[in-house]
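Chains, contacts and geometry: an overview
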Amino acid sequence: MKFLAPIKSQQFISYQISTQHILCTSHSLPVQIGWEKRESMASAVGAIAALSTFSTAVRIPKPLLFPEHRPPHSFPSNCSSTYCNSPFLSIHPLPPPSPPLGRKWKPLAVALEDAPPVEDTPEPEPVEVQIEAAVATANSKGEDVFAVVMIGSRQYIVIPGRFIYTQRLKGANVNDKVILNKVLLVGTKNKAYIGQPVVTSAAVHAVVEEQGLNKKVIVFKYKRKKNYRRNIGHRQPNTRIRITGITGYEDYPADMLPEPEAVAA
Amino acid sequence: MTRVKRGYTARRRRKKIRLFASTFIGAHSRLTRATTQQRMRALVSSHLDRSRKKIYFRRLWITRINAVTREERVFYSYSKLIHNLYKRQLLLNRKILAQIALSNKNCFDMILNKIINKKIK
C-alpha cells in the first residue's frame, strides 16, 4: 500500500470551487479506495460538470518549499505563532476589511492550460458562488475558527481576518476573491475536523490584497583563488491574501475536544 | 586621452561596503581591505544558510513533535507517528504539526488519537 507522501512535492494553484480540482493533484498518485469515495462525493456536491478531467493538474514549478512571510526574517514557525499567538480561544476580531471594489470572479480556466474557453462563464456558477459568498460573510470574523490550508504546496494556519503571504498567484488581480479548496484541518473551540487528507467541501474564502515582491535577497557566489564572483539580487514575487471566512466544514465528521472540566479532572 | 583623476569613485564604492560591514568586530569594520573580505564571506554565508535554514527548522519541528508524542504514550514515537500519518492519509506537514502541538494541545491530541486509534481496529 503506497503512501500519499509524494503529494508534497507537487505545486499547483487552485482557485476554484469545485473539489474536483483538488483531486487533480492526486492524479499521479496511486488512487486509493478512500480517494474514490471522496471523488464521487465531490462530483455529487455539484461542482462544475464540465470541469477538468483527472489529468489537468497544473504544476507551476517553484523552488521554495517553505514560506517566507513578512516581516521576512521572522520565519514560519515564529510567524504562524503570531497568528495564533495567544491561545486560539482568545482571538480578537479584527475590523472587517473594506468590501472589495469589484467582485471579479476569475474564470475557472485561469489555472488550467488546456481547459476549453467555454468553461469561463458557465451559468450555474454565479449562483453557487454567490451562495457561498453569502455563507462566507456570515461565517467570517469573530469566530474562533482556524484552518490549515495548502497553497502552492505550502501549508498555512489561517484565521479569518488576518492575512498571509503566499507564492505569487498568477492571474489573480487585486480585490479578486479566491476560494481555497485544499483545507487539511479545521479547528473550532471544541471540535477539530481533521481531513483525510482534505476536509471535503470545506473552503477558505480570501481576497487578494496585493501582488508584491519579497525583500531583496543578495545571492553572492564566490570561489576563492579563482577570480569568480557573482553578485545577484533577487526578489521573489508574492501575493498577500486576506482571509475572509472559512465555510463548508460542518458536515464533515468532527472530533470533539475534551471538556475543560474533564481535562482538569 | 585627457588626464582623468580617480577622484571619489573608489571611496564611494567602499563606503557602501563599509556600511554593510559596519557592525563587524574590530578591524573587520574599520580597515577597507578587511571589510571587503568580510563582506564577501558574510554574503556567502547568508546564501548558504538560506538553504540550511530550511534544514534547521525541519529538525526543530521534528524534535518538538517527537517530544510531544512521547509525553504520555509509552511505546510511541515520532517515527511511528509519521508512519501512521501517511497510512491514515493525512497531509499535515511537520511545521503545522509542531505549531499545533505548541499552541493548541487539544487539537494535537485529537490528531494523535485519530492516527493511533484506527490502527487498533
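Residue numbering note: each chain is counted from 1, following its sequence as written. Following the order in which they are written, the chains are lettered starting with A and the ligands numbered starting with 1. Per-residue local features of the predicted model are confined to residues with pLDDT of at least 70, and side-chain atom pairs are confined, for both listing and counting, to 80 or more; whole-chain, interface and lining totals are unaffected and use all residues. No hydrogens and no water enter the side-chain calculation; it runs on all heavy atoms of the structure.

Filter applied, for reference: UniProt positions are given in the numbering used here, feature names are shortened, and annotations may be inferred rather than shown by experiment.
An unreviewed UniProt entry annotates chain B as 50S ribosomal protein L20 originating from Platanthera guangdongensis. UniProt annotates chain B under Sequence similarities (unreviewed entry) with the comment "Belongs to the bacterial ribosomal protein bL20 family." Per its UniProt entry, chain B bears the Function (unreviewed entry) comment "Binds directly to 23S ribosomal RNA and is necessary for the in vitro assembly process of the 50S ribosomal subunit. It is not involved in the protein synthesizing functions of that subunit."

Going by the annotation in an unreviewed UniProt entry, the name recorded for chain A is 50S ribosomal protein L21, chloroplastic, with Platanthera guangdongensis given as the source organism. If you open the UniProt record of chain A and go to Sequence similarities (unreviewed entry), you find "Belongs to the bacterial ribosomal protein bL21 family."

1. Things to note about the overall build of chain A
Definition in use: Working definition: helices are DSSP H or I runs of at least four residues, strands are E runs of at least two. Numbering for both runs from the N terminus. Burial here depends on accessible area, computed with a 1.4 Å probe over protein chains only, as a share of the maximum for the residue type. Under 20% is buried, over 50% is exposed, and the range in between is partly exposed. Values of accessible area rely on a 1.4 Å probe in the Shrake-Rupley scheme; residue burial ignores everything except the protein chains shown.
When its secondary structure is counted, chain A shows 5 helices and 11 strands. Considering chain A as a whole, with its 265 residues, one finds that 50% of them fall into the buried category. When the accessible surface of chain A is summed, it comes to about 13,100 Å², and 58% of that surface belongs to carbon and sulfur atoms.

2. Describing helix H2 (residues 32-71) of chain B
Selection rule: By this rule the span expected of a helix is its residue count minus one, scaled by 1.5 Å. Bend, in this description, refers to the angle at a residue between axes fitted to the seven residues ending there and the seven starting there.
With 40 residues, H2(B) extends 54 Å between its outermost C-alpha atoms, agreeing within 8% with the 58 Å of an ideal straight helix rising 1.5 Å per residue. Of all the bends found along H2(B), the most pronounced is centred on Arg50(B) and spans about 35°.

3. Brief notes about the environment of Val198(A)
Position of Val198(A) relative to the elements: it lies in the loop between strand E6 (191-194) and strand E7 (203-213). Each C-alpha atom, one on Val198(A) and one on Val148(A), is 9.9 Å from the other, the two residues being 50 residues apart in sequence.

4. Digging into helix H4 (residues 94-103) of chain B
For the α-helix, the turn length of 3.6 residues means that residues three or four positions removed from each other point alike. For H4(B), the buried fraction is high: 8 of the 10 residues fall into the buried class. By the burial criterion, the buried members of H4(B) are Arg94(B), Lys95(B), Ile96(B), Leu97(B), Ala98(B), Gln99(B), Ile100(B) and Ala101(B).

5. Some words on the side chain of Asp176(A)
Heads up, the rule is: For this analysis, a polar contact is any N or O atom pair within 3.5 Å, provided that within protein one partner can donate a hydrogen and the other can accept it, and provided that sequence-adjacent residues contribute only side-chain to side-chain pairs.
As for its position among the elements, Asp176(A) is in the loop between strand E3 (163-167) and strand E4 (177-180). In terms of polar contacts, Asp176(A) uses its side chain to reach the backbone amide nitrogen of Asn173(A), at 3.2 Å.

6. Let's talk about the packing of helix H1 (residues 9-20) of chain B against H2(B)
Residue and element names in this part refer to chain B. For clarity, the cut-off: Here the axes come from fitting lines to C-alpha atoms, over the contacting stretch only for helices, and the angles between their N-to-C directions go from 0 to 180 degrees. For classification purposes, an angle smaller than 35 degrees is called roughly parallel, one larger than 145 roughly antiparallel, one from 65 to 115 roughly perpendicular, and anything else oblique. The sense of a crossing depends on the near helix, which, turned anticlockwise from the far helix by less than a right angle, makes the crossing left-handed and, turned clockwise, makes it right-handed. We call two residues in contact when some of their heavy atoms are within 4.5 Å. Residue classes follow a fixed rule: Ala, Val, Leu, Ile, Met, Phe, Trp, Tyr, Cys and Pro count as nonpolar, while Asp, Glu, Lys and Arg count as charged, and any other residue, Gly among them, counts as polar.
Across the interface, H1 lies against H2 with an axial gap of 9 Å and an inter-helix angle of 60°. With respect to their mutual orientation, H1 and H2 come out oblique. The element H1 and its partner H2 pack so that their crossing is left-handed. Touching Arg-14, Ile-17 and Phe-20 of H1 are Thr-32, Thr-35, Thr-36, Arg-39, Ala-42 and Leu-43, all from H2. Its residues placed into classes, the contact of H1 with H2 shows 4 nonpolar, 3 polar and 2 charged.

7. Brief notes about the packing of aromatic side chains
This is how the line gets drawn: Each aromatic pair joins two rings of Phe, Tyr and Trp (for Trp, the six-membered one) with centres within 6.5 Å, and gets the label stacked for planes under 30 degrees apart, edge-to-face for over 60, and tilted for any other angle. The rule is short: NZ of Lys or CZ of Arg within 6 Å of the ring centre and within 35 degrees of the ring normal puts a charge over the ring.
Within this structure, the stated rule accounts for 5 aromatic pairs over all chains. Arranged with centres 5.6 Å apart and planes meeting at 85°, the rings of Phe163(A) and Tyr165(A) form a pair that is edge-to-face. In this structure, Arg240(A) is placed above the aromatic ring of Phe163(A), and the distance from its NZ or CZ to the ring centre is 5.0 Å. In this arrangement the basic side chain of Arg12(B) is found over the ring face of Tyr8(B), its NZ or CZ atom lying 3.9 Å from the centre.

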